[in-house]
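Understanding the architecture of this molecule
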Amino acid sequence: MAEIISARVIVTCPDRNFVTLKIETADGTTGIGDATLNGRELAVVSYLQDHVIPCLIGRDAHRIEDIWQYLYKGAYWRRGPVTMCAIAAVDVALWDIKAKVAGLPLYQLLGGASREGCMVYGHANGATIEETIAEAVRHVEQGYRAVRLQAGVPGLKSTYGVAKPGQRYEPADGALPTESLWSTEKYLRSVAPLFERAREVLGWDVHLLHDVHHRLTPIEAARLGVELEPYRLFWLEDPTPAENQAGFRLIREKTTTPLAVGEIFNTIWDCKQLIEEQLIDHVRATIVHAGGITHMRRIASFADLHQVRTGCHGATDLSPVCMAAALHFGLSVPNFGIQELMPHTAKTDAVFPHAYSFKDGMMHPGEAPGLGVEIDEELAAKYEYRRAYLPVARLEDGTLFNW
Ligand code: GCO
Ligand code: MG
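Residues numbered from 1 in each chain as written. Chains lettered and ligands numbered in written order. Predicted model: local features only at pLDDT ≥ 70, side-chain atom pairs only at ≥ 80, totals over all residues. Heavy atoms only, no water.

Remarks on the state of the cysteines
Counted under the stated rule, the structure contains zero disulfides. Just so you know, cysteine 85 is unpaired, no disulfide at all, and the nearest cysteine sulfur is the one on cysteine 322, 9.0 Å from it. Note on cysteine 271: no disulfide assigned, nearest cysteine sulfur contributed by cysteine 312 at a separation of 11 Å. Overall, the relative accessible area of 0% leaves cysteine 271 in the buried class. (Disulfide = S-S within 2.5 Å. Buried < 20%, exposed > 50% of the residue type's maximum accessible area, 1.4 Å probe, protein only.)

What follows is the structure, given as structure tokens:
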């Protein structure tokens, strides 16, 4: 028995907001879990503080599965991003504790390493095709084996994936949501030329990826998939919103460009049909949004039966605690595909000292017992929460669209 004696939520903003749950057991062992839900952070804080933590005190931290079921079934209100983020934070903190008590890096408890490291993809973004390609070249020089390419769309002032001048790319950029304009026609004309040029300059030994960010209808996505076939993408991400999983049948029937979906999924039920019918190639759900390591292992096992590989979301709004968990998970599951890497700022890294590392295009979680990441609470306390929203997009006639 490792009795849980306290659980606390820590909110900090070292360049962006992060929510972390810290659980402590009677012998003084602590574990942490990421609970960050970009743009809706304080909803999870309240869910944890007001509803979850009172139920944790006195329980045995080693009973990870039982606590997971208790928080999922016991809430009566199943699923949803807020609930599943809160459950994920508890789950990861408990795995951290268990692995620390065992004196082993977490991946050893998950069955051990299935590979030498986790291949990651970096982000090459630019206002023009040439700027994007130059960024991609820089990534390849740094050892990346896979790069996601996003370029500005001629005729649109801004678009997803391309930073505004002087800003970083991941744009939770306003105390109220900022707005951008979208044109599917202009966008669709711009993508194939980007990849044509990329293959000319980068050759064929680097994996190339692209994120559509849910902005096409299935038939438009099918056309884009067909146009991109000559450039052999590693994946085309979120080609269309996935609430209607059957919509992917149409895309799948038309194109052999591999598809990746899942960063906004929070349970296996969001991707059941996509996986079962082999409508996608990579499931991109990740630890913090999809119920922690316990539930992600369930998703990965189900996906493995259908030859679907993983490809966890890893943008900067997922904290280093989530990145560490994703690496232990990715190193251990048999059907790992790739891991997204968008490096955190130096300020963020200082708040979350960690054992994971990058080398030759691969990441490794390190050999420290547990997750191998801690939170420097004194430093964290210096960075106060700042409300920040993701942008919204409108069509040129003013219709609200998918961002
Ligand atoms: C990605 C994602 C991000 C999300 C962001 C939302 O592929 O990394 O699409 O860019 O928009 O993480 O919080
Ligand atoms: Mg994405």
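Topic: the packing of helix α1 (residues 41-56) against helix α3 (residues 81-102)
Orientation of α1 relative to α3, taken along the N-to-C sense of each, is 55 degrees, at an axis distance of 10 Å. Taken together, the axes of α1 and α3 lie oblique to each other. Classified by chirality, the crossing of α3 by α1 is right-handed. Taken together, the residues of α3 that come into contact with α1 (itself represented by Ala43, Val44, Tyr47, Leu48, Val52 and Leu56) are Val82, Thr83, Cys85, Ala86 and Val90. Across the contact of α1 with α3, the residue classes break down as 10 nonpolar, one polar and no charged. (Axes fitted to C-alpha atoms, helices over the stretch in contact; angles between N-to-C directions. Helix = DSSP H or I, 4+ residues; strand = E, 2+ residues; numbered from the N terminus. Parallel < 35°, antiparallel > 145°, perpendicular 65-115°, else oblique. Left-handed = near helix turned anticlockwise from the far one by under 90°. Contact = heavy atoms within 4.5 Å. Nonpolar A, V, L, I, M, F, W, Y, C, P; charged D, E, K, R; others polar.)

Focus: the coordination of the magnesium ion (ligand 2)
Distances from the magnesium ion (ligand 2) to its protein donors, Asp211 (OD), Glu237 (OE) and Glu263 (OE), fall within 2.0 to 2.2 Å. Donor residues binding the magnesium ion (ligand 2) come from one chain and are separated in sequence as D-x25-E-x25-E. A residue pair is termed long-range when its members are at least 10 positions apart, and aspartate 211 in strand β7 (residues 207-211) and glutamate 263 in the loop between β9 (259-261) and α9 (272-276) qualify at 52 residues. (Donors = N, O, S within 2.8 Å, 3.2 Å for Na, K, Ca; no water.)

Notes on the environment of histidine 364
Tracing the backbone shows histidine 364 in strand β14 (residues 362-364). Considered as a pair, histidine 364 and proline 54 are 310 residues apart in the sequence and their alpha carbons are 35 Å apart. Those residues in contact with histidine 364 that lie beyond four places of it in its chain are Tyr107, Glu116, Leu327, Leu331, Ala355, Tyr356 and Ser357. A polar contact is formed between the side chain of histidine 364 and the backbone nitrogen of glycine 366, at a distance of 2.9 Å. (Polar contact = N/O pair within 3.5 Å; in protein donor to acceptor, adjacent residues only side chain to side chain.)

Quick look at the sheet that holds strand β3 (residues 30-34)
The sheet built from three strands is open, its strands ordered β1-β2-β3 with antiparallel pairing. Each edge of the sheet is formed by a strand with only one pairing partner; in this case those strands are β1 (4-12) and β3. Here the average twist between neighbouring strands, direction ignored, is 20 degrees. (Pairing = 2+ DSSP bridges.)

A word on helix α2 (residues 64-73)
Burial in α2 covers these residues: Ile64, Ile67, Trp68, Gln69, Leu71 and Tyr72. Elements in contact with the buried residues of α2: β1, α1, α3 and α10 (292-305).

Some remarks on the packing of helix α5 (residues 129-141) against helix α6 (residues 184-202)
Relative orientation of the contacting elements α5 and α6 amounts to 40 degrees, with a least axis distance of 10 Å. Taken as axis vectors, α5 and α6 run oblique relative to one another. Viewed along their axes, α5 and α6 form a crossing whose handedness is right-handed. Facing α5, whose interface residues are Ile129, Glu130, Thr132, Ile133, Ala136, Val137 and Val140, α6 presents Pro193, Leu194, Arg197, Ala198, Val201 and Leu202. Tallied by class, the residues present in the contact of α5 with α6 amount to 10 nonpolar, one polar and two charged.

Looking at the sheet that holds strand β16 (residues 400-401)
In spatial order, the strands read β6-β15-β16; together these three strands make up an open sheet with mixed pairing. Sheet topology places β6 (179-182) and β16 at the edges, where each strand pairs with a single neighbour. Note that β6 and strand β15 (residues 392-395) share four bridges and pair parallel. By the bridge assignment, serine 180 is partnered in β15 with alanine 393.

Describing unusual backbone geometry
Of all residues except glycine, most have a negative phi; of all peptide bonds, most are trans. One non-glycine residue, glutamine 278, adopts positive backbone phi at about 50 degrees. Inspection of the secondary structure assignment puts glutamine 278 in the loop between α9 and β10 (282-283). Residue glutamine 278 is classed as partly exposed on the basis of its relative accessible area of 35%. If you check the backbone angles, glutamine 307 has positive phi at about 60 degrees while not being a glycine. Secondary-structure assignment places glutamine 307 in the loop between α10 and β11 (309-310). For glutamine 307, a relative accessible area of 68% gives the class exposed.

Section: the packing of aromatic side chains
Scanning the model with the defined rule gives eight aromatic pairs in all. With centroids separated by 5.9 Å and ring planes inclined at 50 degrees, the aromatic side chains of phenylalanine 234 and tryptophan 235 adopt a geometry described as tilted. In this pair, the class of phenylalanine 234 matches that of tryptophan 235, namely buried. Its end group placed over the ring of tyrosine 70, arginine 59 keeps NZ or CZ at 3.9 Å from the ring centre. (Phe/Tyr/Trp six-rings, centres within 6.5 Å; stacked < 30°, edge-to-face > 60°. Lys NZ or Arg CZ within 6 Å of the ring centre and 35° of its normal.)

Let's talk about the nonpolar core
Residues Ile23 and Val90 are the most contacted members of the largest nonpolar core, which totals 121 residues. The element best represented in this core is α3, accounting for 12 residues. A domain split of this core shows at least three residues from each of domain 1 (4-106) and domain 2 (109-367). Those residues within four positions of valine 90 in sequence are excluded, and the remaining contacts are Leu21, Ile23, Leu48, Val52, Leu56, Ile67 and Leu71. Of all hydrophobic cores here, the second largest spans nine residues; its members include Met119, Tyr121, Trp235 and Ile338. (Core = buried A, V, L, I, M, F, W, Y, C linked by side-chain atoms within 4.5 Å. Domains from an automatic or database assignment.)

Some points on the pattern of salt bridges
Scanning the model with the defined rule gives 21 salt bridges in all. The salt bridge partner of aspartate 96 is lysine 100, with a shortest N-O separation of 3.7 Å. Here aspartate 96 pairs with lysine 100, and both are found in helix α3, just four residues apart, close to one helical turn. The exposure class of aspartate 96 is buried, given its relative accessible area of 0%. When its relative accessible area of 21% is taken as the criterion, lysine 100 is described as partly exposed. (Salt bridge = Lys/Arg side-chain N within 4 Å of Asp/Glu carboxyl O.)

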